[in-house]
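# Summary of structural features
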Amino acid sequence: MKQIDCEALYRDGKHYDNQHMNFKDDIPFYLKKAEFYRSPILEIACGTGRITIPIAEKGFEITGLDISEGMLTSAREKIKEMDLKIDFFKIDCRYFNLKKKFKLIFIPFNSFCHIHELSDIEKCFENIRNHLSNDGGFILDIFNPNPEYFLKNPEKKRTRFEYPDPYSDKTVTIYETNEYDKAKQINRIKWYYHIGNEFIREEELNMRIFYPQEIDALLKYNGFEIINKYGDFNEAPFDSDSPKQLIECKRIK
Ligand SMILES: C[S@@+](CC[C@H](N)C(=O)[O-])C[C@H]1O[C@@H](n2cnc3c(N)ncnc32)[C@H](O)[C@@H]1O
């Protein structure tokens, strides 16, 4: 089994939450889909519960699984202070068996791009099929690749995020470089963390790029029928300029 290479990046859920504190655009979309499909719901790669918790707060039964203990620790800490019951499991999405069927399964926020190898993609899809009820929905949320973004000057550091440090009154700045591997379709991103003026560490983020026709074919040949493909969280139809590939599927029986 090949190790997933993003565990170090996600070791601290408090940093993750501050980094993404202003991103909430996807939550109304998932709440709407939860209303449609109903409980039970499974979020794969749930992280710190950024989406899981708002869904549970609306009264849905939801389970979250993620590979990173640091992210799950934050998720569990948050619900301790709320009157909420959510099962958060530390499991790799390539190898899970919860012995339960779900009416809605989703993998949000480009998390699927952490799965690089075809055999792992196939295992993950097989697990999802096995956990999806016959009339259930599966939603995959990945970005629509923009070659101009990948082919930037690999040496040039760009400011990617600025957010309050969870452990001091300083600001964290993340600078980014990237190099795109055209053969493997992996965007090899490096993040350089600075707290205040001090350089702290460097992390790798390797994102598998799924081109639109490729992901549609992968879903089809792994037993899913696409029923909607949106280009954003307002459900605009997917097209060439769409920022997202938001794909809603059913199991092919
Ligand atoms: C971009 S974060 C998304 C977290 C959360 N869903 C959100 O929307 O904020 C990606 C998550 O994928 C998780 N992840 C990566 N590879 C995984 C795997 N093989 N199995 C389960 N989780 C994985 C990471 O630990 C991380 O929490």
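Residues numbered from 1 in each chain as written. Predicted model: local features only at pLDDT ≥ 70, side-chain atom pairs only at ≥ 80, totals over all residues. Heavy atoms only, no water.

## A few points about the domain arrangement of the protein
The domain boundaries assigned to the protein delineate domain 1 (13–144 + 211–251) and domain 2 (147–208). Between domain 1 and domain 2, the contact holds 15 residues from the first and 19 residues from the second. Summing both partners gives a buried area of about 1500 Å² for domain 1 against domain 2, and 61% of it is carried by carbon and sulfur. Of all residues in domain 1, His-15, Gln-19 and His-116 give up the largest surface area on contact with domain 2, accounting jointly for 41% of the area buried on that side. There are one salt bridge connecting domain 1 and domain 2. Our count for the domain 1 to domain 2 interface comes out at eight residue pairs in polar contact (both at pLDDT 80 or more). Ranked by residues supplied to the side of domain 1 that touches domain 2, first place goes to helix 1 (residues 13–19) with four residues. Here the side of domain 1 that touches domain 2 is built from residues that sort into six nonpolar, seven polar and two charged. (Domains from an automatic or database assignment. Contact = heavy atoms within 4.5 Å. Buried area = accessible area lost by both parts, 1.4 Å probe. Salt bridge = Lys/Arg side-chain N within 4 Å of Asp/Glu carboxyl O. Polar contact = N/O pair within 3.5 Å; in protein donor to acceptor, adjacent residues only side chain to side chain. Helix = DSSP H or I, 4+ residues; strand = E, 2+ residues; numbered from the N terminus. Nonpolar A, V, L, I, M, F, W, Y, C, P; charged D, E, K, R; others polar.)

## Regarding the nonpolar core
By size, the foremost hydrophobic cluster in this structure holds 42 residues, and its most contacted members are Phe-112, Phe-125, Ile-128, Phe-138 and Ile-215. Three or more residues apiece are contributed to this core by two domains, here domain 1 (13–144 + 211–251) and domain 2 (147–208). Contact partners of Phe-125, with chain neighbours within four places excluded, come to Phe-112, Phe-138, Leu-140, Ile-215, Leu-218, Leu-219, Asn-222 and Phe-224. Listed in part, the 25 residues of the second largest apolar core include Leu-31, Ile-53, Leu-72 and Phe-106. (Core = buried A, V, L, I, M, F, W, Y, C linked by side-chain atoms within 4.5 Å. Buried < 20%, exposed > 50% of the residue type's maximum accessible area, 1.4 Å probe, protein only.)

## Digging into the site of the ligand
Lining the immediate environment of the ligand, one finds 22 residues, of which Tyr-16, Ala-45, Arg-50, Asp-66 and Ser-68 sit closest. Taking Tyr-16, its side chain carries an N or O atom lying 2.5 Å from an oxygen atom of the ligand. Between Cys-93 and the ligand, the recorded distance is 2.9 Å, taken from a backbone N or O atom to a nitrogen atom. Considered on its own, the ligand offers 600 Å² of accessible surface; in the complex 98% of this is hidden by protein. (Near = heavy atom within 4 Å. Areas by Shrake-Rupley, 256 points an atom, 1.4 Å probe, with all protein chains shown as cover.)

## Side note on unusual backbone geometry
Peptide bonds are trans in most cases, and residues, glycine excluded, mostly fall at negative phi. Of the consecutive residues Ser-39 and Pro-40, the connecting peptide bond is found in the cis state with omega at -5 degrees. The residue Pro-40 is located in the loop between helix 2 (27–37) and strand 1 (41–44) in this model. Positive phi is not limited to glycine here, since Phe-109 has a value of about 50 degrees. Relative to the helices and strands, Phe-109 resides in the loop between strand 4 (102–107) and helix 5 (118–131).

## Focus: the sheet that holds strand 9 (residues 198–208)
If you walk across this open sheet you meet the four strands as 6-7-8-9, and the pairing is antiparallel. Strands with a single pairing partner mark the edges of an open sheet, and in this sheet they are strand 6 (158–164) and strand 9. Strand-to-strand twist in this sheet, taken as the mean axis angle between neighbours without regard to direction, amounts to 25 degrees. Relative to strand 8 (residues 186–195), strand 7 (residues 171–181) runs antiparallel, the two sharing ten bridges. Residue pairing across strands places Tyr-175 opposite Tyr-192, the latter belonging to strand 8. (Pairing = 2+ DSSP bridges. Axes fitted to C-alpha atoms, helices over the stretch in contact; angles between N-to-C directions.)

## Some remarks on the packing of aromatic side chains
Counted under the stated rule, the structure contains 13 aromatic pairs. On the numbers, 6.2 Å between centres and 70 degrees between planes, the contact of Phe-125 with Phe-138 is edge-to-face. Of the two residues, Phe-125 sits in helix 5 while Phe-138 sits in strand 5 (residues 132–143), which places them 13 residues apart along the sequence. Phe-125 sits in the buried class, given a relative accessible area of 0%. Through a chain of ring-to-ring contacts, the aromatic side chains of Phe-29, Tyr-30, Phe-106, Tyr-230 and Phe-233 assemble into a single cluster. Here Arg-50 stacks its cationic end above the ring of Phe-109, 4.6 Å away from the centre of that ring. (Phe/Tyr/Trp six-rings, centres within 6.5 Å; stacked < 30°, edge-to-face > 60°. Lys NZ or Arg CZ within 6 Å of the ring centre and 35° of its normal.)

## Section: helix 7 (residues 212–221)
An α-helical segment advances 3.6 residues per turn. Residues three or four places apart therefore align on the same side. Looking at helix 7, one finds that the buried residues are Pro-212, Ile-215, Leu-218 and Leu-219. Angular distribution of buried residues about the axis of helix 7 spans 130 degrees; they occupy a single face of the element. In helix 7, the exposed positions angled more than 90 degrees off the buried face are occupied by Gln-213, Lys-220 and Tyr-221. On the buried face of helix 7, the contacting elements are helix 5, strand 5, strand 10 (224–230) and strand 11 (244–251). (Arc of directions from axis to C-beta.)

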